[in-house]
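The residues making up each chain are set out below.
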Amino acid sequence: MDDRKDEDNAAALSETLMACEEEVGSALATTQDVESALARLKQRVKRQPAIEHRSASVRRNRHSSMTVEHIQHAPQDRSGARAMFIELRKLQDGSAEYAELRNQLVRMHLPLVEHLARRFRNRGEPLDDLIQVATIGLIKSVDRFDPERGVEFSTYATPTVVGEIKRYFRDKGWAVRVPRRLQELRLALTTATAELSQQYGRSPTVHELAEKLVIAEEEVLEGLESANAYSTLSLDVPDVDDGSPVVADTLGAEDEALEGVDYRESLKPLLEDLPPREKRIMLLRFFGNMTQSQIAQEVGISQMHVSRLLARTMAQLREKLLVEEE
């Protein structure tokens, strides 16, 4: 802007000097002529801020008139959208004209979708996903809207879009899928807890929540427990603070011998019921780690007899264990 002013001033000075040269003919301009040119240049520079001020005022007035014109056209936009809806209902569903006009109406009301979706941000779901879900609600509203009822489309579409977002949180927001009854119970418990906490100045008890919602205390406990399924905790997150071990380190490992505990406990009474000789042979074989030959010498019978007694006794124990499992 300053360079432009300097160029204009230089051009004005050049024109003035040229005019002076024309007055004196081919002779050089006198000192008085130059001083007169400089005086006229100063007057021009003084008038320039006033001209710029008037130009800025014109620009502001033009912007204001455009803003007012835009505001005045808002009702016309609404009436235009209503006319488009009326025209949409006249077109045949599935035609190219119907699809094009329907897409125009959807694009026209996308700012409403984004505005409603932003009300649910910072709740654990990406904003882009919420906008997509809200857009589905907008499309449903466009398909179902009846302009003959005399309601604005935004008034009609807002409950549908918000309901679609809430349905998304109900069906997809839970980390672990729980029945819808428990989801609604959790919402009721949240509302009741806030009201009773404000009323009593403390957290309500299970009994107070049950009286407030007119349900059993077992249902209150079930609803409070189901709230833990809404979000999960990563196993790599520290248990208490940054210096504490992660949650995965506090979990126990699988004990391979745990499965044999039931069998050992079930075998104890069965071993006690065995005859003394078979019981002694079983103890020497499986607890004393003796061979069949060593057991035969210990008991005073042949190795073949020991083998038969072991096979018969284990078959009896196996049969009795299977009967207990059934």
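Since this is a predicted model, take the numbers as computed values, not measurements.

With that settled, consider the overall build of the protein. Looking only at helices and strands, the protein features 13 helices and zero strands. Ordering the α and β elements of the protein from the N terminus gives α-α-α-α-α-α-α-α-α-α-α-α-α. Relative to its full complement of 326 residues, the protein shows a buried share of 24%. Pairs at least 24 residues apart make up 52% of the contacts formed inside the protein by residues separated by at least 6 positions. With the model as given, the accessible surface of the protein reaches about 23,300 Å², and the carbon-plus-sulfur share is 52%.

Considering only enclosed or pocket space, the largest pocket measures out at about 420 Å³ in volume. Looking at the largest pocket, it is lined by 15 residues, and the ones nearest its centre are L267, L271, M282, F287 and L317. For the lining of the largest pocket, the elements supplying multiple residues, two or more each, are α10 (259-272), α11 (276-286) and α13 (303-325). Examining the composition of the lining of the largest pocket, we find that five residues originate from one element, α10, more than from any other.

The next subject is helix α3 (residues 96-108). For α3, spanning 13 residues, the distance from its first C-alpha to its last is 18 Å, which sits close to the expected 18 Å at 1.5 Å a residue. Along α3, the positions that sit buried rather than exposed are Y98, L101, L105 and V106. Across the axial projection of α3, the buried residues extend over an arc of 140 degrees, all falling on one side.

This next bit is on the confidence of the model for the protein. For the protein, per-residue confidence averages 76 on the pLDDT scale, and 70% of positions sit at 70 or higher. Contacts for the low-pLDDT stretch residues 49-76, under 50 throughout, to residues beyond four places or in other chains number two contacts.

Most peptide bonds are trans, and most residues other than glycine sit at a negative phi. Backbone geometry at V214 places phi at a positive 55 degrees, although glycine is not the residue there. If you trace the backbone, V214 turns up in the loop between α8 (206-213) and α9 (217-226). Despite not being glycine, N289 shows a phi value in the positive range, around 55 degrees. With respect to the helices and strands, N289 occurs in the loop between α11 and α12 (292-299).

What follows covers the side chain of E164. Relative to the elements of secondary structure, E164 occurs in helix α6 (residues 153-172). Apart from the residues within four sequence positions on either side, E164 is in contact with V133, I136, G137 and K140.

Below, the discussion takes up the packing of α3 against helix α5 (residues 127-144). The interhelical angle for the contact between α3 and α5, taken along N-to-C directions, is 125 degrees, at an axis separation of 10 Å. For the element pair α3 / α5, the angle class is oblique. The chirality of how α3 crosses α5 is right-handed. Residues Y98, R102, L105 and V106 of α3 pack against L138, I139, V142 and D143 of α5. Residue composition of the contact of α3 with α5, by class: six nonpolar, no polar and two charged.

Let us look at helix α7 (residues 180-200). Taking 1.5 Å of rise per residue, the 21 residues of α7 would be expected to cover 30 Å, and the 30 Å separating its terminal C-alpha atoms lies within 8% of that figure. Along α7, the positions that sit buried rather than exposed are L182, Q183, L185, L189, A192 and L196. For α7, the secondary structure elements touched by its buried residues are α6, α8 and α9. Directly beyond the C-terminal end of α7, a positive phi value near 75 degrees is found at G201.

A few words on the packing of aromatic side chains. Where two aromatic rings form a pair, the distance of their centres and the angle of their planes describe that pair. Applying the stated criterion across every chain, the model contains six aromatic pairs. For the ring pair F85 and F145, a centre distance of 4.8 Å and an interplane angle of 65 degrees mean the geometry is edge-to-face. Here the residue F85 occupies a position in helix α2 (residues 31-90), and F145 occupies one in the loop between α5 and α6, the gap between them amounting to 60 residues. Here F85 and F145 have matching classes, each one buried. Centroid distance F120 to F169: 6.2 Å. Interplanar angle 35 degrees. Geometry classified as tilted. Here the residue F120 occupies a position in the loop between α4 (110-118) and α5, and F169 occupies one in helix α6, the gap between them amounting to 49 residues. Of the residues examined, F120 reaches a relative accessible area of 6% and is grouped as buried. Cluster of aromatic residues (ring-pair linked, three or more members): F85, F145, F153 and Y156. A cation over a ring is seen here: R285 above F286, with NZ or CZ 5.7 Å from the ring centre.

Calculation criteria
- Residues numbered from 1 in each chain as written.
- Predicted model: local features only at pLDDT ≥ 70, side-chain atom pairs only at ≥ 80, totals over all residues.
- Heavy atoms only, no water.
- Helix = DSSP H or I, 4+ residues; strand = E, 2+ residues; numbered from the N terminus.
- Buried < 20%, exposed > 50% of the residue type's maximum accessible area, 1.4 Å probe, protein only.
- Contact = heavy atoms within 4.5 Å.
- Areas by Shrake-Rupley, 256 points an atom, 1.4 Å probe, with all protein chains shown as cover.
- 1 Å grid on protein atoms, 1.4 Å probe; cavity = no way out; pocket = protein on both sides within 12 Å on 5 of 7 lines; lining within 4 Å.
- Points joined across faces, edges and corners; volume = space filled by probe spheres on them.
- Expected span 1.5 Å × (residues − 1).
- Arc of directions from axis to C-beta.
- pLDDT = per-residue confidence, 0-100.
- Axes fitted to C-alpha atoms, helices over the stretch in contact; angles between N-to-C directions.
- Parallel < 35°, antiparallel > 145°, perpendicular 65-115°, else oblique.
- Left-handed = near helix turned anticlockwise from the far one by under 90°.
- Nonpolar A, V, L, I, M, F, W, Y, C, P; charged D, E, K, R; others polar.
- Phe/Tyr/Trp six-rings, centres within 6.5 Å; stacked < 30°, edge-to-face > 60°.
- Lys NZ or Arg CZ within 6 Å of the ring centre and 35° of its normal.

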